[in-house]
Amino acid sequence: AEAAAAPGGGVCPPAGGGSVPVLFCFSVFARPSSVPHGAGYELLIQKFLSLYGDQIDMHRKFVVQLFAEEWSQYIDLPKGFLVSDRCKLRLVPLQIQMTTLGNLTPSSTVFFCCDMQERFRPAIKYFGDIISVGQRLLQGARLLGIPVIVTEQYPKGLGSTVQEIDLTGAKLVLPKTKFSMVLPEVEAALAEIPGVRSVVLFGVETHVCIQQTALELIGRGLEVHIVADATSSRSMMDRMFALERLARTGIIVTTSEAILLQLVADKEHPKFKEIQNLIKASAPESGLLSKV
């Protein structure tokens, strides 16, 4: 049976499965691969990311184009396009960069709690204060149904997460030796959460594990919010320069109160009163934020 015509000069896929060879082009690169018969836009984007994810600036907008034999040039991928035959595609970055808006919604947000461990207590400046704020953030996450991922840096030597921080309901509590929280288990956990767009990140140390985690996350296209009143280091100079560097990369440096109120967004939110009570029980002024 003949296949029906599809937009852009291709053909709609006939019944049946199988894979179709596709040449994926980006910048000066061209890599042959294949996709399932009938693959659409979303799957093609995923394929581009799997092939070129380490080279794609996720803060830019892109257009996918199809090489059209009839025009002997690339055309914008037609609406509703499905791969049915051997073809050549390219991903083209637009010149205008996307503006990072920083909007937060509970359904698209994950909290990352980084290495808030007992052995760091005497060494980290204002550690008692960031514990208090971190606990408030985790209480807010539970109230709003936001997943929480927790790591502990070499817990065998540095101890577990401090007792003041309640990890009840955390999606993942994971030991690590790598400084960044972006471990294979963490990536797998993120993949299980539909629609994740933003990560709220806090813990220690600002210039090491927090900084490396944030840079890896934005490299994967996620928006990162660092909670300044829940993040510290042994040295205030290290902390200050790390936050300045991260802010210049497009990472949002903010506060716990701003995060929680942005997540409820409306006085009529059913959890507003409980979130408001958390905020009212705020930690005393410590001078931590004067060092940002």
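- An unreviewed UniProt entry annotates the protein chain as Isochorismatase domain-containing protein 1 originating from Rostratula benghalensis.
- Per UniProt, the protein chain has the following entry under Sequence similarities (unreviewed entry): "Belongs to the isochorismatase family."

### Notes on the overall build of the protein chain
Working step 1: Each helix and strand in the protein chain was counted, giving eight helices and 11 strands.
Working step 2: Considering the protein chain as a whole, with its 292 residues, one finds that 42% of them fall into the buried category.
Working step 3: Summarising the internal contacts of the protein chain: among those between residues at least 6 apart in sequence, 72% fall at separations of at least 24.
Working step 4: About 14900 Å² of surface is accessible on the protein chain, with carbon and sulfur atoms providing 54% of the total.

### Some words on the pattern of salt bridges
Working step 1: With the rule as written, the count across this model stands at 11 salt bridges.
Working step 2: A salt bridge links Glu-187 to Arg-220; the shortest N-O distance between them is 2.7 Å. Here Arg-220 lies in the loop between α5 (206-219) and β10 (223-232) and Glu-187 lies in helix α4 (residues 184-191), a separation of 33 residues in the sequence.
Working step 3: A relative accessible area of 34% means that Glu-187 is categorised as partly exposed.
Working step 4: On the basis of relative accessibility, which here comes to 41%, the residue Arg-220 falls in the partly exposed class.
Working step 5: Notably, a salt bridge pairs Glu-268 with Lys-267, separated by 3.9 Å at the nearest N-O pair. The pair Glu-268 / Lys-267 is uniform in exposure class, with both members exposed.
Working step 6: One continuous salt-bridge network, built from bridges that share partners, spans Lys-178, Glu-187, Glu-216 and Arg-220.

### As for the layout of surface pockets
Working step 1: A volume near 500 Å³ is recorded for the second largest pocket.
Working step 2: Sorting the residues of the lining of the second largest pocket by element identifies α1 (41-52), α4 and α5 as the ones contributing at least two each.
Working step 3: Looking at the lining of the second largest pocket residue by residue, the classes come out as eight nonpolar, five polar and five charged.
Working step 4: Mapping the lining of the second largest pocket onto the domain boundaries places at least three of its residues in each of domain 1 (19-93) and domain 2 (106-279).

### Comments concerning the side chain of Asp-229
Working step 1: Tracing the backbone shows Asp-229 in strand β10.
Working step 2: Among buried charged residues, Asp-229 stands out as having no salt bridge; its nearest opposite-charge side chain is Arg-136, 4.2 Å away.
Working step 3: Side chain to side chain, Asp-229 and Ser-256 meet in a polar contact 2.7 Å long.

Rules used in this analysis
Residues numbered from 1 in each chain as written. Predicted model: local features only at pLDDT ≥ 70, side-chain atom pairs only at ≥ 80, totals over all residues. Heavy atoms only, no water. UniProt positions renumbered as here; feature names shortened; annotations may be inferred. Helix = DSSP H or I, 4+ residues; strand = E, 2+ residues; numbered from the N terminus. Buried < 20%, exposed > 50% of the residue type's maximum accessible area, 1.4 Å probe, protein only. Contact = heavy atoms within 4.5 Å. Areas by Shrake-Rupley, 256 points an atom, 1.4 Å probe, with all protein chains shown as cover. Salt bridge = Lys/Arg side-chain N within 4 Å of Asp/Glu carboxyl O. 1 Å grid on protein atoms, 1.4 Å probe; cavity = no way out; pocket = protein on both sides within 12 Å on 5 of 7 lines; lining within 4 Å. Points joined across faces, edges and corners; volume = space filled by probe spheres on them. Nonpolar A, V, L, I, M, F, W, Y, C, P; charged D, E, K, R; others polar. Domains from an automatic or database assignment. Lys, Arg positive; Asp, Glu negative; His and termini not counted. Polar contact = N/O pair within 3.5 Å; in protein donor to acceptor, adjacent residues only side chain to side chain.

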